[in-house]
Amino acid sequence: MNFDPFIIPFNIGLYFILIYAVVRSVIWFRELSRPDKLRLQRGFFGKAFGQSLKEIFLESLIHRKILKSNPRLGYMHMSLAFGWFLLILFGTIEADIFGERHLNPPYKAIFFKFFSPDHGKTFFEASYAFLMDLILAFILSGLVLAVTKRFFSRVVGMKKTTKLKPLDKVALTSLWLIFPSRLIAESLTSGAYGTGSFLTGNLGAALASFLPANELAYPFWWLYSLSLGTFFVLLPLTRYLHIPTELFLIFMRNSGIRTGDKPGSFSEVEVHSCSSCGMCIDVCQLGFSAGIHTIQATYLMKGIRNSDYIHDIAHNCLMCGRCDQICPVGIEISPIRMIVRRIEENDRVYENSWNGYFRNRLNVPAPKQDNKPSYDFLPAPVSKKADVLYFAGCMTHLTPSIKKAMVKILDASGLNWSFIDEDGGACCGRPLMLAGNDREARELINFNSQLIWKSGAHTLVTSCPICYKVFRESYYLDVEVLHHSQFIKNLIDEGLVNMNFLQKRVTYHTPCELGRRSGVYEEPKEVIRHVATLEPTGYDDENSLCCGGSLGNIMLSHDKRRGIAEDVTARLTANDPDSLITACPLCKKTLAQATSTRVVDIAELVAEAIADAPALKKNPSRHKKKVVRESAASL
Amino acid sequence: MEKFGFSLTKARVIDYDANDRSIVSYILEREPSLNLCIECGCCSAACTTGNFTGFSLREIHILLKRGENDLVRQKIRKCMLCGKCILVCPRGVNTRNVVFLAKQAFTKNEGYEF
Ligand code: SF4
Ligand code: SF4
Ligand code: SF4
Ligand code: SF4
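On a predicted model such as this, the values are computed, not experimentally measured, just so you know.

### Remarks on the overall build of chain B
Move 1: Within chain B one finds six helices and zero strands.
Move 2: Along the chain direction, N to C, the helices and strands of chain B fall in the order α-α-α-α-α-α.
Move 3: A principal-axis box enclosing the C-alpha atoms of chain B has dimensions of 70 × 30 × 25 Å.
Move 4: Burial status across chain B gives 50% buried among its 114 residues.
Move 5: Partitioning the intrachain contacts of chain B with sequence separation of at least 6 by distance along the chain shows that 64% fall at a separation of at least 24.

Take a look at the structure:
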């Protein structure tokens, strides 16, 4: 037997999806920028190719990242993806070895049992059938988990699962039907012919004992083919498009293509690669501390895919980066969110030109902007010559104790330093950028850059991680930019300051902008360990929490911010430390309002530990001693 | 009749009721916390921009509520969105969003010039 009409739905679906994949890939490739095209071409013929294959195997099939952070959920994804892959692979081999001839069309492998029903009699055939049954059982176990997850998400260790649109539901149902219908169809056929292994064989024999197995099998083969065909046809229209696009994403990423700050092919591929796994939902503090369940990354991706109105989703986010960190597909979520914010700020009438915005946005007429400068009131930049510059930043000016501590540390270091914004300077520009107002931010960046250039300094120290990030990434400076924790670490390493060890137990809150956003984890902890006893909190490094005060979120209400801060301080002070240390003036201000534990910036802690500097000016005899020491040193 | 040079002058009362409140209602709809503002001026005292100019967020809030949209439009773009005002506001007004929405109302809605 070579053909039967029931395979038609499957064939239609399969060839449709293959043609679609080729067309879509070509369109995406054409829309890449020139340098990205070159990157991708180079990536295909270089080391990146092997890396991509390895990553596809580990992430798309095995789902290693999900497996690591949530074994049950990982198993569910792995059994479906890897199991299906194995089933196709071994099915093809089976059809090739045992079929009538070699190199069969795909349907021969998929419906092998139907076309060779009496296969499985000899020992070798039977052991192969055992393997196929094992794979099918592996998939079905994952499917059971998936079905239960849909109704009781806690089964796989998740608090919330994603919501679906109607077409997704149809696709989901057809996906769910694929494997059970295969099981029943194969079992009935096996039952009729007395073949099959532990699963299909036994089930088949049991069914055949009281049912007309041979006649009943045929409709189930139809169902199997139909559900496969339906799933394939719906694939491009539903969230399941992520399965093929993720492969594309991996190749692009390994070739060195990044999201950047404009919409394009890569961000579109990323958006379509979201598997709606929901891991970003569980880590989002807006969800578990503030009761906001509509803005998480998966909904952002869905909103973009569906061309929905997503102003609130884009803006109501702390930009803490916890979801970027956890996303198993490696989607650069925050850069995509920033693209949405930016596009919106540079677009006039957003309500009606939202459709297909990733594609069409750049063709939309510009917003009403007169391009007059917004900050022409800023004075001409003048700055003192110095080796080291200190930029406190807006938030540090609101927390004068940090400013004072830094002045003390800088004085104690003996370096030739100058305080750029001593009398209050302009903002660094990052808050404007976070709101999507890049043009305005550029004005402030120009102003501050000139101040820095004119001073001739080689090092710029800032107390605020928000400033630190923007200085490093969006300014064109030829100075070394340091956060004060790094600067203090350098001072300690070079022996420029002497400190006492304070008999204190402390915990450390990693600020998002310093940690996940800038990758500075170790320096602050080393500085703290130098002067006090640092205890772990369970929310360290990449797993750190956002204080809730983030300027990345322009919509969050005061009460919700407060709620997040209270939740965070409760977790960080669980073992009742003497102080809660942080390295950001905004974090300090936000956290201090929410706890009775003393919240201290790392600079204040260090200033407290510095041996005898405060007496320098007031006590002339000490001053003299220092002079003596210096002259002794110069001898 | 003898003319003494007197005449009735037009009333010089500023009629705020005649002003256009569309901007403030656009903002209030999306950021109701503006209603909580007691015009205490803490935000203006902390303001980064206020350090360089006479810009005052408290004034902006008052002007917005009065519907003095032209004045708001001239001033509002000076704000740097730095967020100091949020941290000092005793009433928990989400001040940055007020500025953000006001700018949005001017740039994105038809009929307003920025
Ligand atoms: S954005 Fe990432 S973590 Fe969130 S649902 Fe999509 S794939 Fe999962
Ligand atoms: S960046 Fe933070 S606040 Fe925003 S969606 Fe991700 S986890 Fe939630
Ligand atoms: S600090 Fe708050 S309450 Fe006071 S004027 Fe400003 S916004 Fe209004
Ligand atoms: S956000 Fe604007 S109004 Fe508020 S303190 Fe900063 S510059 Fe002033």
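### Considerations on the overall build of chain A
Move 1: Each helix and strand in chain A was counted, giving 32 helices and eight strands.
Move 2: In terms of overall dimensions, chain A has C-alpha extents of about 105 × 60 × 50 Å along its principal axes.
Move 3: Split into buried and exposed, the 635 residues of chain A put 57% on the buried side.
Move 4: If you take every contact in chain A between residues at least 6 apart in sequence, the share linking residues at least 24 apart comes to 73%.
Move 5: Here chain A displays about 27,200 Å² of accessible surface, and carbon together with sulfur accounts for 60% of that area.

### Quick word on the interface of chain B and chain A
Move 1: In this complex, chain B contributes 34 residues to the contact, which on the side of chain A involves 42 residues.
Move 2: With both chains or domains summed, chain B and chain A bury close to 3,100 Å², and 57% of this area falls on carbon and sulfur atoms.
Move 3: If you look at where chain B meets chain A, you find zero salt bridges.
Move 4: Counting every contact that joins chain B to chain A gives ten residue pairs in polar contact (both at pLDDT 80 or more).
Move 5: Ranked by residue count, the leading element in the side of chain B that touches chain A is helix α6 (residues 95-108) of chain B, at eight residues.
Move 6: Of the residues that constitute the side of chain B that touches chain A, the class distribution is 13 nonpolar, twelve polar and nine charged.

### Looking at the sheet that holds strand β1 (residues 388-391) of chain A
Residue and element names in this part refer to chain A.
Move 1: Here we have four strands laid out as an open sheet, ordered β2-β1-β3-β4, and parallel in their pairing. Looking at strand neighbours, the two that pair on one side only are β2 (417-419) and β4 (480-483), the edges of this open sheet. Looking at each pair of strands side by side, their axes are set apart by 25° on average, direction ignored.
Move 2: For β1 and β2, the ladder comprises three bridges, and the chain directions are parallel. Note that in β2 the partner of Tyr-390 across the bridge is Phe-419.
Move 3: With respect to the sheet, helix α22 (residues 400-413) is in contact with β1, β2 and β3 (459-462), its orientation differing from that of β2 by roughly 165°.

### Some words on the domain arrangement of chain A
Residue and element names in this part refer to chain A.
Move 1: According to the domain assignment, chain A consists of domain 1 (5-244), domain 2 (258-345), domain 3 (375-485) and domain 4 (505-611).
Move 2: Just the C-alpha atoms count here: the centres of domain 3 and domain 4 sit 22 Å apart.
Move 3: Across the contact, 26 residues belong to domain 3 and 25 residues belong to domain 4.
Move 4: Overall, the association of domain 3 and domain 4 removes approximately 2,100 Å² of surface from exposure, summing both partners, and the carbon and sulfur fraction of that is 73%.
Move 5: Run the count over domain 3 and domain 4 and you get one salt bridge.
Move 6: A salt bridge links Arg-430 to Glu-513, with the shortest nitrogen-to-oxygen separation between them at 2.5 Å.

### Points about the nonpolar core
Move 1: Core analysis: the biggest nonpolar cluster contains 152 residues, and Leu-286, Ile-409, Leu-460, Phe-471 and Met-499 of chain A together with Ile-27 of chain B have the highest contact counts within it.
Move 2: For this core, the element with the highest residue contribution is α6 of chain B, accounting for seven residues.
Move 3: When neighbours within four sequence positions are excluded, Leu-460 of chain A is seen to be in contact with Leu-389, Phe-391, Ile-420, Ile-452, Phe-471, Leu-477, Val-479, Glu-480, Val-481 and Leu-482 of chain A.
Move 4: Listed in part, the 58 residues of the second largest apolar core include Ile-62, Phe-115, Tyr-128 and Leu-145 of chain A.

### Quick word on the environment of Arg-42 of chain A
Move 1: Relative to the helices and strands, Arg-42 of chain A resides in helix α2 (residues 34-44).
Move 2: With 421 residues separating them in the primary sequence, Arg-42 of chain A and Ser-463 of chain A have C-alpha atoms 42 Å apart.

### Quick look at the site of ligand 2
Move 1: Cys-284, Cys-317, Leu-318, Met-319, Cys-320, Gly-321, Arg-322, Cys-323 and Arg-337 of chain A make up every residue found near ligand 2.
Move 2: Taken together, the residues that form the shell around ligand 2 break down as six nonpolar, one polar and two charged.

### Thoughts on the site of ligand 4
Move 1: For ligand 4, the full set of nearby residues is Cys-47, Thr-48, Thr-49, Phe-55, Leu-57, Cys-79, Met-80, Leu-81, Cys-82, Gly-83, Lys-84 and Cys-85 of chain B.
Move 2: Across the shell around ligand 4, the residue classes tally to eight nonpolar, three polar and one charged.

### A word on the confidence of the model for chain B
Low-pLDDT portions of the prediction should not be read for the details of their coordinates.
Move 1: Summing up the model confidence of chain B, the mean pLDDT is 88 and the portion of residues at 70 or higher is 93%.
Move 2: The ipTM, which scores confidence in the relative placement of chains, is 0.88 for this predicted complex, and the corresponding pTM is 0.86.

### Let's talk about the environment of Val-147 of chain A
All names here are of chain A.
Move 1: Mapped onto the elements of the fold, Val-147 is located in helix α8 (residues 123-151).
Move 2: On the basis of relative accessible area, Val-147 is assigned to the partly exposed category, the value being 27%.
Move 3: Taking C-alpha positions, Val-147 is 9.9 Å from Thr-173, a pair spaced 26 residues apart along the chain.

### Some details on the packing of aromatic side chains
Residues and elements named next belong to chain A.
Move 1: Across all of its chains, the model carries 37 aromatic pairs over all chains by this definition.
Move 2: Geometrically, the ring pair formed by Phe-111 and Trp-221 is edge-to-face, given 6.2 Å between the ring centres and 80° between the ring planes. Taken together, the residues Phe-111 in the loop between α6 (106-110) and α7 (112-115) and Trp-221 in helix α11 (residues 213-234) connect sequence positions 110 residues apart.
Move 3: The exposure class assigned to Phe-111 is buried, which follows from its relative accessible area of 0%.
Move 4: Looking at Trp-221, the relative accessible area reads 0%, which means it is buried.
Move 5: Taken together, a centroid distance of 6.3 Å and an interplanar angle of 40° make the contact between Trp-417 and Phe-419 tilted. One exposure class covers both Trp-417 and Phe-419, and it is buried.

### Some details on unusual backbone geometry
Residues other than glycine predominantly adopt negative phi, and peptide bonds predominantly adopt the trans conformation.
All names here are of chain A.
Move 1: Not every positive phi belongs to a glycine, and Met-319 is a case in point at roughly 55°.
Move 2: Here Met-319 is to be found in the loop between α17 (311-315) and α18 (322-326).
Move 3: At Asp-576, a residue that is not glycine, the phi angle is positive and equals roughly 55°.
Move 4: Along the polypeptide, Asp-576 turns up in the loop between α28 (558-572) and β7 (579-582).

Rules and cut-offs
- Residues numbered from 1 in each chain as written.
- Chains lettered and ligands numbered in written order.
- Predicted model: local features only at pLDDT ≥ 70, side-chain atom pairs only at ≥ 80, totals over all residues.
- Heavy atoms only, no water.
- Helix = DSSP H or I, 4+ residues; strand = E, 2+ residues; numbered from the N terminus.
- Buried < 20%, exposed > 50% of the residue type's maximum accessible area, 1.4 Å probe, protein only.
- Contact = heavy atoms within 4.5 Å.
- Areas by Shrake-Rupley, 256 points an atom, 1.4 Å probe, with all protein chains shown as cover.
- Buried area = accessible area lost by both parts, 1.4 Å probe.
- Salt bridge = Lys/Arg side-chain N within 4 Å of Asp/Glu carboxyl O.
- Polar contact = N/O pair within 3.5 Å; in protein donor to acceptor, adjacent residues only side chain to side chain.
- Nonpolar A, V, L, I, M, F, W, Y, C, P; charged D, E, K, R; others polar.
- Pairing = 2+ DSSP bridges.
- Axes fitted to C-alpha atoms, helices over the stretch in contact; angles between N-to-C directions.
- Domains from an automatic or database assignment.
- Core = buried A, V, L, I, M, F, W, Y, C linked by side-chain atoms within 4.5 Å.
- Near = heavy atom within 4 Å.
- pLDDT = per-residue confidence, 0-100.
- Phe/Tyr/Trp six-rings, centres within 6.5 Å; stacked < 30°, edge-to-face > 60°.

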